[in-house]
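Below, each chain spelled out in residue letters.
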Amino acid sequence: MTVHLNWFLPTGGDGRTLVDRHAYTDGGVKRSRVTPVSGVRAPDIDYLIQIAKAAEQLGFEAVLTPTGTWCEDAWLTTVALAQHTERLKFLVAFRPGVISPVLAAQMASTYQRITRGRLLLNVVTGGDSTEQKRFGDHLDHDRRYSRTDEFLSVVRGVWGGKPFDFNGEHYDVEGGLTALPPDPLPEVFFGGSSAAAGPVAARHADVYLTWGEPPEQVKQKIDWIRGLAEEQGRTVRFGIRLHTISRDSAAEAWTTANRLLDDLDPDTIAAAQQALGRSESVGQQRMLALHGGSRDDLEISPNLWAGVGLVRGGAGTALVGSHADVADRIEEYHALGVEHFVLSGYPHLEEAYWFGEGVIPDLAARGLLPRIPASQLTGAPAANGRPASAPGGAPLLVAGGR
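In short, a report on the structure. Remember, it's a predicted structure, so these values are computed and weren't measured experimentally.

1. A short note on the overall build of the protein
Helix and strand content of the protein: 12 helices and 15 strands. The buried share of the protein, reckoned over its 402 residues, is 56%. Relative to all contacts within the protein whose residues are 6 or more apart in sequence, the contacts with residues 24 or more apart total 73%. As displayed, the protein offers around 16,300 Å² of accessible surface, 51% of which is attributable to carbon and sulfur atoms.

Set out below in structure tokens:
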């Protein structure tokens, strides 16, 4: 089993700091004023095209696009980016509670034809009532998962190619139909750490996606979901969502991580932790428990750094170290059964190159990738082993940021 490498599209803004997103929105963190942040890049289409093209060129299979009121719409953004790429797939995050399942099935089918089969679906049930209410959704946590269960039942039923009826607590569909079912059917990525989430993942997920917890905790989740899926007569594959800070030496990587910490003042961390602490998401609470809101002891497992989670909701850990260190950790998670790695870094353009030119060749040499992806910009290897496109060990930048 080889690994599938995926990158991230920062459709809520990007930059050289962990607090870049707050320059556009409070992200759930109330601030008395918007503090100018240096090095912030707006999520305009030209910048996102650069990231998408870099990801494709470096050998990433897909890019995850988030969902929420703090970022651009994932469906519209990615279908636009598909016109500027050839092979790159798009892992489109969306909330099942704010759209008809029949319409979602139709949108996915149309998307597959427009992009020639490059759609993957990331179902986000939602663990934050405040965010859900912004969309007009007032269901509690467990009922949201119950609705997602029905939603995915309808979507898969409608994709069957003939009229589909469904009567449940949340949906009542008569003759639901997608005239031309998607070909291939998009794979469904699904995450959730609560007791309500597990059975839904077991029934519907193609790939169960977890945030980057230490390996022993990830193994517990895998065993849990695998057991539930076996009860359903199904097999589920597994993925993990992580940030990365990979450099030519471990010292360089940890220096970069510490610089990101230097940008975080105590008030910013406290405000973020207070807001994140109100989340109903069990996964979010597990992320917060990894660091407890403290800057101390943030390396919670070898090369696994929880500093991102001091201010960022959702994925809050990063793999930090030399390229070989990061490859070691990926190999460790892979040995547990993790197949898909959904990665990101600040800024996303430069970090894609650091990982793509440093870690991907190492993974290929270990037999975890089928081959080293060909790059139009890669020349003869430099003396330090890095491609000639990045002389001196520096990442190749397509364009600078603001």
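2. Notes on the nonpolar core
Of all hydrophobic cores here, the largest spans 76 residues; its most connected members are L5 and F355. Discounting residues that sit within four places of it in the chain, F355 has contacts with L5, F60, T244, V326, I330, L343, I360 and L363. Counting residues in hydrophobic clusters, the runner-up holds 20 residues, among them L18, M287, L310 and V320.

3. Remarks on the environment of P361
Residue placement: P361 occurs in helix α12 (residues 348–365). The spacing of P361 and A327 is 34 residues in sequence and 9.6 Å in space, taken between C-alpha atoms.

4. Description of the packing of helix α3 (residues 101–115) against helix α5 (residues 141–158)
Here α3 crosses α5 at 50°, and the two axes come no closer than 8 Å. Here α3 lies oblique to α5, going by the angle between them. Considering only the axes of α3 and α5, their crossing is right-handed. Counting all contacts with α3, which are made through P101, V102, A104 and A105, the residues of α5 involved are F151, V154, V155 and V158.

5. Notes on the packing of aromatic side chains
All told, the structure shown has nine aromatic pairs when counted by the stated rule. Considering the side-chain rings of W7 and F60, the 5.2 Å spacing of their centres and the 40° angle between planes classify their relative orientation as tilted. In this pair, W7 sits in strand β1 (residues 4–8) while F60 sits in the loop between α1 (45–58) and β4 (62–65), placing the two residues 53 residues apart along the sequence. Residue classification places W7 among the buried positions, given a relative accessible area of 0%. The structure contains a cluster of three or more aromatic residues connected by ring pairs, namely W75, F94, Y111, F151 and Y171.

6. Quick look at the pairing of strand β5 (residues 89–94)
For β5, the buried fraction is high: five of the six residues fall into the buried class. One ladder, built from four bridges, connects β4 with β5; its direction is parallel. Across the sheet, the residue bridging to A62 is K89, located in β5. The β-α-β motif built from β4, the intervening helix α2 (residues 74–81) and the parallel element β5 has right-handed crossover chirality. Once the chain exits β5 it traverses α3 before rejoining the sheet at strand β6 (residues 119–123), and the crossover so formed is right-handed.

7. Notes on the pattern of salt bridges
Using the criterion set out here, one finds 20 salt bridges in the structure. Salt-bridge contacts for R87 lead to E86; the nearest nitrogen and oxygen are separated by 3.9 Å. An identical accessibility class is assigned to R87 and E86; each is exposed. A salt bridge links E131 to R134; the nearest nitrogen and oxygen atoms lie 2.6 Å apart. Taken as a pair, E131 and R134 lie in helix α4 (residues 129–134) at a separation of three residues, close to a single helical turn. Of the residues examined, E131 reaches a relative accessible area of 6% and is grouped as buried.

8. Let's talk about unusual backbone geometry
At the junction of D183 and P184, the peptide bond is cis and its omega measures out at 0° in the coordinates. One can find P184 in the loop between β8 (172–176) and β9 (188–190). The peptide bond linking Y346 to P347 adopts the cis configuration, its omega dihedral lying at -10°. Tracing the backbone through its elements, the reader meets P347 in the loop between β15 (338–344) and α12. For D297, which is not a glycine, the phi torsion comes out positive at approximately 55°. Secondary-structure assignment places D297 in the loop between α10 (282–289) and β12 (299–301).

9. Details of the environment of I330
Inspection of the secondary structure puts I330 in helix α11 (residues 323–336). Placed 11 residues apart in sequence, I330 and F341 show a C-alpha to C-alpha distance of 8.2 Å. Beyond its immediate chain neighbours, meaning those up to four positions away, I330 contacts L319, F341, F355, V359 and L363.

10. Quick look at the packing of α5 against helix α6 (residues 197–204)
For the pair α5 and α6, the least separation of the axes is 9 Å and the interaxial angle reads 10°. Classed by the angle they form, the pair α5 and α6 counts as roughly parallel. Between α5, through Y145, T148, D149, L152, S153 and R156, and α6, the contact on the second element is made entirely by A197, V200, R203 and H204. By residue class, the composition of the contact of α5 with α6 is four nonpolar, three polar and three charged.

Scoring rules and cut-offs
Residues numbered from 1 in each chain as written. Predicted model: local features only at pLDDT ≥ 70, side-chain atom pairs only at ≥ 80, totals over all residues. Heavy atoms only, no water. Helix = DSSP H or I, 4+ residues; strand = E, 2+ residues; numbered from the N terminus. Buried < 20%, exposed > 50% of the residue type's maximum accessible area, 1.4 Å probe, protein only. Contact = heavy atoms within 4.5 Å. Areas by Shrake-Rupley, 256 points an atom, 1.4 Å probe, with all protein chains shown as cover. Core = buried A, V, L, I, M, F, W, Y, C linked by side-chain atoms within 4.5 Å. Axes fitted to C-alpha atoms, helices over the stretch in contact; angles between N-to-C directions. Parallel < 35°, antiparallel > 145°, perpendicular 65-115°, else oblique. Left-handed = near helix turned anticlockwise from the far one by under 90°. Phe/Tyr/Trp six-rings, centres within 6.5 Å; stacked < 30°, edge-to-face > 60°. Pairing = 2+ DSSP bridges. Right-handed = clockwise from strand over helix to strand, strands pointing away. Salt bridge = Lys/Arg side-chain N within 4 Å of Asp/Glu carboxyl O. Nonpolar A, V, L, I, M, F, W, Y, C, P; charged D, E, K, R; others polar.

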